[in-house]
Amino acid sequence: MVLKTVDFSQFLSDNSAIPYDVTFEVVEEVYDEFTYEKFELDRKTVQAHKMLLSAASPVFRSQFYGKMKSNQNYFEIKETKIKAFDLFIQIIYGVENLSLDISDMFEILDLADFYIIEPIKVKMIDAIKNEMNFENLKTIADAAATYIHHEQLAKNMLKNCGKFLQNNLRSSNQIIEFLQDELMEPELIDQILDIKCDNCEYFECKDGLYAIFPENKPLRPGVRVTKWVRTGPRIDVYECTVASVTLATVHPMS
């Protein structure tokens, strides 16, 4: 109970009453565009406390205290940016109101996924979603598709892109036109249009966006959406409004 009132960020200062007991050497690398080989761009030392990191992450806990624990107090970190790892550690310690750009958010999201820290993953996903606009949507979608290593995490991010467009454009044709104007790959467009509702397991269909309707699964209460499903020569219309479900068959015009 008392621990909830402790400001752990106070222990990040160099004159902290609790000395650091682990050091990370963060090595930032870049690719040579001609040889495609990595070379070191910069490096920085980031210090922390094993106990606090282990309390936040099962990966750190296993690394420091598990059966295969390492007895060393120095670790080299690659495959991330120095700024991102530094911010990641600060967030673990509870530092608030950090200045993050979209690139930082994706780097921290990737770190949180690797170290299995769900609250930070959720925090970064929400932050990216809140920063999303028409100008940066392509950047976010490209980063989600090529940068995030966790497949489901990437799908969730692309889903957010799709729902942003669905909420801000009038029709599926406008959505597709926007994505094509942004010169997105057809495969990426298909992933963005794979939109699901937050309230149920069904695809949320709007303005002619067709999707497959799962069979033999009841709609959940509280869902307000009309679902159109093409099944061979006909279109089935499923409408759910607070658990009131109607089913009709619409024969397409020949």
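Residues numbered from 1 in each chain as written. Predicted model: local features only at pLDDT ≥ 70, side-chain atom pairs only at ≥ 80, totals over all residues. Heavy atoms only, no water.

Colleague: Please provide a residue-by-residue account of the overall build of the protein, values included.
Modeller: Scanning the protein for helices and strands turns up nine helices and six strands. Buried residues in the protein amount to 38% of all 254 residues. The contacts in the protein between residues at least 6 apart in sequence include a share of 50% that link residues at least 24 apart. Taken as a whole, the protein presents about 15,700 Å² of accessible surface, with 52% of it coming from carbon and sulfur. (Helix = DSSP H or I, 4+ residues; strand = E, 2+ residues; numbered from the N terminus. Buried < 20%, exposed > 50% of the residue type's maximum accessible area, 1.4 Å probe, protein only. Contact = heavy atoms within 4.5 Å. Areas by Shrake-Rupley, 256 points an atom, 1.4 Å probe, with all protein chains shown as cover.)

Colleague: Lay out the packing of aromatic side chains with the relevant residues and their values.
Modeller: Inspection of every chain in the model, using the stated rule, returns 13 aromatic pairs. Ring centres of Phe64 and Phe75 lie 5.7 Å apart, and the angle between their planes is 55 degrees; this geometry places the pair in the tilted category. Taken together, the positions of Phe64 in helix α2 (residues 58-65) and Phe75 in strand β3 (residues 74-77) put the pair 11 residues apart, joining distant regions of the chain. Pair check on accessibility: Phe64 and Phe75 agree, each one buried. Feature note: the residues Phe24, Phe60, Phe64, Tyr65, Phe75, Phe85, Phe88, Phe114 and Tyr115 constitute an aromatic cluster, connected by ring pairs. (Phe/Tyr/Trp six-rings, centres within 6.5 Å; stacked < 30°, edge-to-face > 60°.)

Colleague: I'd like a description of a negative patch on the surface, backed by residues and values.
Modeller: Taken together, the side chains of Glu185, Glu187, Asp190 and Asp194 present a region of like negative charge at the surface. Within the secondary structure, Asp194 sits in the loop between α9 (186-192) and β4 (224-231). (Patch = residues over 30% accessible without salt bridge, like charges linked within 9 Å, V, L, I, M, F, W, Y side chains within 5 Å. Salt bridge = Lys/Arg side-chain N within 4 Å of Asp/Glu carboxyl O. Lys, Arg positive; Asp, Glu negative; His and termini not counted. Charge placed at Lys NZ, Arg CZ, Asp CG, Glu CD.)

Colleague: Could you give an account of the confidence of the model for the protein, with specific residues and numbers?
Modeller: For the protein, the average pLDDT comes to 78, and 74% of its residues sit at 70 or higher. The low-confidence segment residues 197-231, where pLDDT is below 50, has 91 contacts with residues more than four positions distant or belonging to other chains. Residue range residues 238-254 is modelled with pLDDT below 50. Its contacts to residues more than four positions away, or to other chains, number 41 contacts. (pLDDT = per-residue confidence, 0-100.)

Colleague: Run through the environment of His149, naming residues and quoting values.
Modeller: In this fold, His149 is placed in the loop between α6 (137-146) and α7 (151-168). Residues His149 and Asp110 lie 39 residues apart in sequence; the distance between their C-alpha atoms is 7.2 Å.

Colleague: How would you sum up the environment of Lys155? Please name residues and give values.
Modeller: Here Lys155 lies in helix α7. Under the relative-accessibility criterion, Lys155 is labelled partly exposed at 45%. Here the alpha-carbon distance between Lys155 and Asp194, two residues 39 residues apart in the chain, equals 8.9 Å.

Colleague: Kindly report on the packing of α6 against α7, identifying the contributing residues and their values.
Modeller: The N-to-C vectors of α6 and α7 enclose an angle of 155 degrees; their axes lie 8 Å apart at closest approach. By the angle class used here, α6 and α7 are roughly antiparallel. Seen from above, α6 lies across α7 with left-handed handedness. Mapping the contact onto sequence places Leu137, Ile140, Ala141 and Ala144 in α6 and Ala154, Met157, Leu158, Cys161, Phe164 and Leu165 in α7. Broken down by class, the residue content of the contact of α6 with α7 amounts to 10 nonpolar, no polar and no charged. (Axes fitted to C-alpha atoms, helices over the stretch in contact; angles between N-to-C directions. Parallel < 35°, antiparallel > 145°, perpendicular 65-115°, else oblique. Left-handed = near helix turned anticlockwise from the far one by under 90°. Nonpolar A, V, L, I, M, F, W, Y, C, P; charged D, E, K, R; others polar.)

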